[in-house]
Amino acid sequence: MTAASRPPIVPASGEEPPGLYLHIPFCRSKCAYCSFNSYPCRQPPGHYLTALEKQLDFWSAHPWCRERTFATLFLGGGTPTIYGGRVLAALVGKCLSAFNFCEKPEITVEANPNAVTEQDLGELRQGGVNRLSLGVQAFSDPLLAAIGRTHTVAEAGAAIRAARRAGFANLNLDLIYGLPGQTLCDWQRTLDAALGFSPEHLACYELTIEEGTAFARELAAEALALPGEEEVVAMAAATGEAAARAGLARYEISNYARPGFACRHNCNYWQNGSYLGLGAGAASCLSGLRLKNLAAPARYSSLALAGLPPFAEAECLPLAARFRESVIMGLRLTAGLSFSCLRKRFGLTPPGYYGKILLELRAQGLIAVGRDSMRLTDKGLCLANQVLARLV
Ligand code: SF4
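Here the residue numbers are simple positions, counted from 1 along each chain's written sequence. Confidence filtering applies because this is a predicted model: local features only for residues at pLDDT of at least 70, side-chain atom pairs given and counted only at 80 or more, and all residues used for totals across whole chains, interfaces and linings. Heavy atoms throughout the structure, all of them, feed into the side-chain values; hydrogens and water do not.

Asker: Sorry if this is basic, but what is going on with the overall build of the protein here?
Answerer: Helices and strands together make up the secondary structure of the protein, namely 17 helices and 17 strands. Its C-alpha radius of gyration of 21 Å places the protein within 12% of the 21 Å reference for a compact globule of 392 residues. With the principal axes as the frame, the protein shows a C-alpha extent of 55 × 55 × 45 Å. Buried means the residue's accessible area, taken with a 1.4 Å probe over protein chains only, is under 20% of the maximum for its type, while exposed means over 50%, and partly exposed covers the values in between. Looking at the protein residue by residue over its 392 residues, the buried ones come to 52%. We call two residues in contact when some of their heavy atoms are within 4.5 Å. For the protein, the share of sequence-separated contacts (at least 6 apart) that also reach a separation of at least 24 residues comes to 69%. Helix and strand definitions here come from DSSP, where helices need a minimum of 4 consecutive H or I residues and strands a minimum of 2 consecutive E residues; each element is numbered from the N-terminal end. Just to be clear, the radius of gyration here is over C-alpha atoms, and the globule rule we use is 2.2 Å times residues to the power 0.38.

Asker: Even after reading the chapter, I still don't get the state of the cysteines, so can you show me in this structure?
Answerer: Chemically, a disulfide is nothing more than a covalent bond linking the sulfur atoms of two cysteines. Only a pair of cysteine sulfur atoms within 2.5 Å qualifies as a disulfide here. A full pass over the atoms with the stated rule returns zero disulfides. The closest cysteine sulfur to the non-disulfide-bonded C102 is located on C263, 13 Å from its own sulfur.

Asker: Help me understand the nonpolar core, please; the structure alone is not making it clear to me.
Answerer: The tendency in soluble globular proteins is for nonpolar side chains to be buried as a group. Side-chain atoms within 4.5 Å link the members of a nonpolar core, which is a set of buried Ala, Val, Leu, Ile, Met, Phe, Trp, Tyr and Cys residues. Core analysis: the biggest nonpolar cluster contains 68 residues, and L20, L22, F99 and L202 have the highest contact counts within it. The greatest single-element share of this core, amounting to seven residues, is contributed by helix α1 (residues 46–60). The contacts of L20, once residues within four sequence positions are left out, are F70, T72, L73, F74, C95, F99, F101, H265, L276 and L278. Counting 21 residues, the second-largest nonpolar core is a separate cluster that includes L366, I367, M374 and V387.

Asker: I'm lost on α1 in this one. Help?
Answerer: Every α-helical turn comprises 3.6 residues, leaving residues that sit three or four positions apart pointing alike. Expected span, for any helix, means 1.5 Å times one less than how many residues it has. Under the 1.5 Å per step criterion, the end-to-end length of α1 is 21 Å for 15 residues, consistent within 8% with the ideal 21 Å. The set of residues buried in α1 consists of Y48, L49, A51, L52, Q55, L56, F58, W59 and S60.

Asker: Is there a simple way to think about the domain arrangement of the protein in this case?
Answerer: Many structure descriptions define interface size as the accessible area lost when the parts assemble. Segmentation of the protein into domains returns domain 1 (15–270) and domain 2 (319–389). Reported domain spans reflect what an automatic or database domain assignment gives. Placing a centre on the C-alpha atoms of domain 1 and another on those of domain 2 gives a separation of 28 Å. Each side of the interface is counted separately: domain 1 has eight residues, and domain 2 has seven residues. Considering only the surface of domain 1 that becomes buried against domain 2, R250, I253 and W270 emerge as the three largest contributors, covering 64% of it. Any Lys or Arg side-chain nitrogen found within 4 Å of a carboxyl oxygen on Asp or Glu counts as a salt bridge. Where domain 1 touches domain 2, the interface holds one salt bridge. A salt bridge links R332 to E252, with the nearest nitrogen and oxygen atoms 2.6 Å apart. In the analysis that follows, any N or O atom pair within 3.5 Å is treated as a polar contact, provided that within protein one partner can donate a hydrogen and the other can accept it, and provided that, for residues neighboring in sequence, both atoms belong to side chains. Inspection of the region where domain 1 meets domain 2 yields five residue pairs in polar contact (both at pLDDT 80 or more). Here the term charged refers only to Asp, Glu, Lys and Arg, the term nonpolar to Ala, Val, Leu, Ile, Met, Phe, Trp, Tyr, Cys and Pro, and the term polar to all other amino acids, Gly among them. Here the side of domain 1 that touches domain 2 is built from residues that sort into five nonpolar, one polar and two charged. The quantity reported as buried area is the accessible area (1.4 Å probe) lost by two parts once they are put together, taken as the sum for both.

Asker: Explain the site of the ligand to me, please; I cannot follow it from the model alone.
Answerer: Proximity is defined per residue: if any heavy atom of the residue lies within 4 Å of a molecule or strand, that residue is considered near it. Residues in contact with the ligand, as listed here, are C27, S29, K30, C31, Y33, C34, F36, S38, G78, N112 and R149. Here the shell around the ligand is composed, by residue class, of five nonpolar, four polar and two charged.

Asker: I would appreciate a short explanation of the packing of aromatic side chains in the present structure.
Answerer: Remark: the centre distance and the inter-plane angle together describe each pair of aromatic rings, the angle taken between the planes. Ring pairs are drawn from Phe, Tyr and Trp, using the six-membered ring of Trp, whenever the two centres fall within 6.5 Å, and their geometry is named by plane angle: stacked under 30 degrees, edge-to-face over 60, tilted for the rest. Across all of its chains, the model carries 16 aromatic pairs by this definition. Centroid distance F26 to Y48: 5.3 Å. Interplanar angle 85°. Geometry classified as edge-to-face. Here Y48 lies in helix α1 and F26 lies in strand β2 (residues 26–27), a separation of 22 residues in the sequence. As far as burial versus exposure is concerned, F26 and Y48 are alike and both buried. Taken together, a centroid distance of 6.4 Å and an interplanar angle of 75° make the contact between F26 and Y83 edge-to-face. A residue pair is termed long-range when its members are at least 10 positions apart, and F26 in strand β2 and Y83 in the loop between β4 (70–77) and α3 (85–98) qualify at 57 residues. The same class applies to F26 as to Y83, namely buried. Three or more aromatic residues joined by ring pairs make a cluster, and in this case those are F26, Y48, Y83 and Y300.

Asker: Got a minute to help me understand unusual backbone geometry in this structure?
Answerer: When glycine is set aside, most residues are seen to have a negative phi, and most peptide bonds are trans. With an omega dihedral of 15°, the bond running from G77 to G78 counts as a cis peptide bond. The residue E222 is not glycine, and still its phi comes out positive at about 55°. Note that E222 resides in the loop between α8 (214–220) and α9 (229–245). One non-glycine residue, S287, lies in positive phi territory at about 50°. Within the secondary structure layout, S287 lies in the loop between β12 (283–286) and β13 (289–293).

Asker: Help me understand the sheet that holds strand β17 (residues 373–376), please; the structure alone is not making it clear to me.
Answerer: Strands belonging to one sheet form pairs held by backbone hydrogen bonds; the direction of such a pair is parallel or antiparallel. Across the sheet, three strands lie side by side as β15-β17-β16; this open sheet has antiparallel pairing. Among the strands making up the open sheet, the edge pair consists of β15 (337–338) and β16 (367–369). Pairing between β15 and β17: two bridges, direction antiparallel. Its bridge partner lying in β17, L337 is registered against M374. We treat two strands as partners when DSSP finds at least two bridges between them.

Set out below in structure tokens:
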């Protein structure tokens, strides 16, 4: 990248330490519900990592990064472990030496149960990875097969036990509810099985049918039997109750953690902080400047390898848009928003900016407004999408 093609950087203003995200867009196969930027392949291309490292070299020398201390590193996908533990550990090592990191950074790697071996896990731990996020999704073999997952319940259990043996003391399990054919009873069994492994963190997402997925095509062909709305609401309620019984508090719409184990990397997103995203389709927010890389790995790699900026989009959001975005993302956190923090950052507060809309949401019991804060109520958390849509 030449100096002339460098993106402009808006000066920082008292912001929190940023996070670093690396995207690995390859998986063994494509799950039926997946709309992530991921591509099925047998052997992930080596040149993709070379391109990623080239970007890493560029950004680690950039003044915006040099002036900052990163707090978190997250390798997501896709299935990062498709490259194996040794290669990923080397990539983590490169990040840690190229960027300034705080004394105890949170370093997460996402993995799928049948795409990570005990040896991989040991290599990741030795490389400094201290948080593992496992895509378990369901503890039911028929449901796993129905959503296109290629692992079994037994493999999920084996991966969790192997992660503990390798020394992972901060483990997240990803689960999905509202799956085709899933009953409340099925979901309760999945929750019980997941919590039986005493994870420090649980992420429970409601299935959404995204355009371009196999499920979207099946839905259009009326070949997808999804559970009814009431049953899905009951599943959401069961999630909170089971997590609370196991000592995991809800801190975000879909995320639960033991005290001290909320995901620092994702909290920074929800607080609309700065982050640098490297890899195909990865997004960055650098003090308000938004960058998005090209999604197709081949195109991304060829530009990055040629030393050209692999951006698909670059945008500097106006202050009011950044304020709205901070409100919408911040309300996802159960702790809610601080008006004085927003005023300091944007010179705006929700009561002054939204006026009547906020009064209506409050009267409907969807948000609770205090002297210097606001948050979604339990009712608001259930209807979060509708509430947040009114604040866009
Ligand atoms: S493993 Fe994850 S990223 Fe890969 S296809 Fe399945 S849901 Fe998508």
